[in-house]
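# Close look at the chain arrangement
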Amino acid sequence: MKTETIGSITGNLASGLSNRRPNVRSVVFAALGLWFGFVFFVAAQGAFVASAGSPPLPIFFGVAIPLAVFLAVYFAWSPFRDFILGADLRFVAAIQAWRWAGAQFLWLYSWSVLPGLFAFPAGFGDMAIGITAPWIVLGLVRNPLFAASRRYFIWNILGIVDFVVAVSMGVLSSGLFQKINELNGAVTTSAMNRLPLVLIPAFAVPLFTMLHLTALFQARQLARSGRS
């Protein structure tokens, strides 16, 4: 009788502690919603518009701060780290297919809204990742260990490199440099500082980078498991 009572109490305590654990999935989706709402709100106030002749620091911080927070939480909070390492990589890769919409940069270039120095590498780079995403998903469906392959690793690295190149070209084409400004025909990336385009560098770019990092973290874990 006493053994059953102790077992019942222990079970209730374990259940209570389990219920108190944070629902990481809910926290993540709530954070994403708040983040998007905050970016939209401050963008509507013109917070991402840099003064004439100054570097586009607001956009830089819009990209860098979310990524810094993501990495800090990943390494500091084990439930979030477990969530990232347990994410469905097929879903993570499938979301990257949305990057085929990078074709809009080419369309905006044709209307002289964006300079070619930015639109071409950003547009074609995004389209390349988006168009190849279904093949990556298919590889993961056929064999989950594909996530530990060299091809999967390179694809995710190229996805991040695409963003680095796009952001770099965006800064160079922001109107800070006279020679580049002349090369672009006086068309700058100022449209990327305002709604709705500002949602791309201030929300979509860091979000999709986080997805690539999620894939790379899991790939590293699988590689370590294979070696051990």
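This text follows the structure it describes.
Residues numbered from 1 in each chain as written. Predicted model: local features only at pLDDT ≥ 70, side-chain atom pairs only at ≥ 80, totals over all residues. Heavy atoms only, no water.

## So, the environment of Leu117
Counted only if it meets this: Each helix is a run of H or I in the DSSP string that is no shorter than four residues. Each strand is a run of E no shorter than two, and both are numbered from the N terminus. Only protein chains enter the calculation, and the probe is 1.4 Å; a residue is then buried if its accessible area is under 20% of its type maximum, exposed if over 50%, and partly exposed in between.
Position of Leu117 among the secondary structure elements: in helix α7 (residues 116-142). Residue classification places Leu117 among the partly exposed residues on the basis of a relative accessible area of 27%. Sequence separation between Leu117 and Ile180 is 63 residues; the distance between their C-alpha atoms is 8.7 Å.

## Considering the side chain of Asp126
For the record, the criterion: Pairing of N or O atoms within 3.5 Å defines a polar contact, subject to two protein rules: one partner must be a possible hydrogen donor and the other a possible acceptor, and residues neighboring in sequence count only if both atoms are side-chain atoms.
Within the secondary structure, Asp126 sits in helix α7. Engagement of the side chain of Asp126 in a polar contact is seen with the side chain of Arg99, the distance being 3.2 Å.

## Describing the packing of aromatic side chains
Filter applied, for reference: A pair of aromatic rings is counted whenever rings of Phe, Tyr or Trp (Trp by its six-membered ring) have centres within 6.5 Å, and the orientation is called stacked for planes under 30 degrees apart, edge-to-face for over 60 and tilted otherwise.
Overall, the coordinates contain 14 aromatic pairs when judged by the stated rule. Ring centres of Trp35 and Phe203 lie 4.5 Å apart, and the angle between their planes is 55 degrees; on these two criteria the pair is classed as tilted. Here Trp35, found in helix α2 (residues 24-44), pairs with Phe203, found in helix α10 (residues 199-227); they are 168 residues apart in sequence, far enough to count as distant. For the pair shown, Trp35 and Phe203 are each scored as buried. Taken together, a centroid distance of 5.9 Å and an interplanar angle of 65 degrees make the contact between Phe146 and Tyr152 edge-to-face. When its relative accessible area of 0% is taken as the criterion, Tyr152 is described as buried.

## Re helix α4 (residues 78-85)
We apply this condition: Summarising the geometry, the arc corresponds to the directions from the helix axis toward the C-beta atoms.
Restricting attention to buried positions, one finds in α4 the residues Phe80, Ile84 and Leu85. Buried residues along α4 cover an arc of 135 degrees about the axis, so they all sit on one side.

## Examining the nonpolar core
Put simply, the rule is: Buried Ala, Val, Leu, Ile, Met, Phe, Trp, Tyr and Cys residues that are joined via side-chain atoms within 4.5 Å together make up what is termed a nonpolar core. In what follows, a contact means two residues having at least one pair of non-hydrogen atoms within 4.5 Å.
One finds Phe48, Phe105 and Phe118 to be the most contacted residues of the largest nonpolar core, which totals 41 residues. Only α2, α3 (57-76), α4, α6 (103-110), α7, α8 (150-172) and α10 provide two or more residues apiece to this core. Sequence-distant contacts of Phe48, that is, excluding residues within four places in its chain, are made with Val39, Val42, Ala43, Pro58, Ile59, Gly62, Asn193, Val198 and Ala202. Within the second largest apolar cluster, 13 residues are counted, among which are Leu89, Ile129, Ile136 and Trp155.

## Here's the deal with α2
Our working rule: Every helix has an expected span of 1.5 Å times one less than the residues it contains.
Between its terminal C-alpha atoms α2 stretches 30 Å, which fits the 30 Å expected from 21 residues at 1.5 Å a residue. Among all positions of α2, only Val24, Val28, Trp35, Val39, Val42 and Ala43 are buried. With its buried residues spanning 100 degrees around the axis, α2 presents them on a single face. Every exposed residue of α2 that faces more than 90 degrees away from the buried side is listed here: Phe29, Leu34 and Phe41. A positive phi of about 80 degrees marks Gly46, the residue just after α2.

## Points about the pattern of salt bridges
Note the threshold: In the sections that follow, a salt bridge refers to a side-chain nitrogen of Lys or Arg positioned within 4 Å of a carboxyl oxygen of Asp or Glu.
Summed over all chains, the structure comprises three salt bridges. Between Arg90 and Asp88 there is a salt bridge, with its nearest N and O atoms 3.0 Å apart. Overall, the relative accessible area of 35% leaves Asp88 in the partly exposed class. Arg99 is the salt-bridge partner of Asp126, the closest N and O atoms lying 3.2 Å from each other. Linking Asp126 in helix α7 with Arg99 in the loop between α5 (89-95) and α6, this pair joins segments that are 27 residues apart in sequence.

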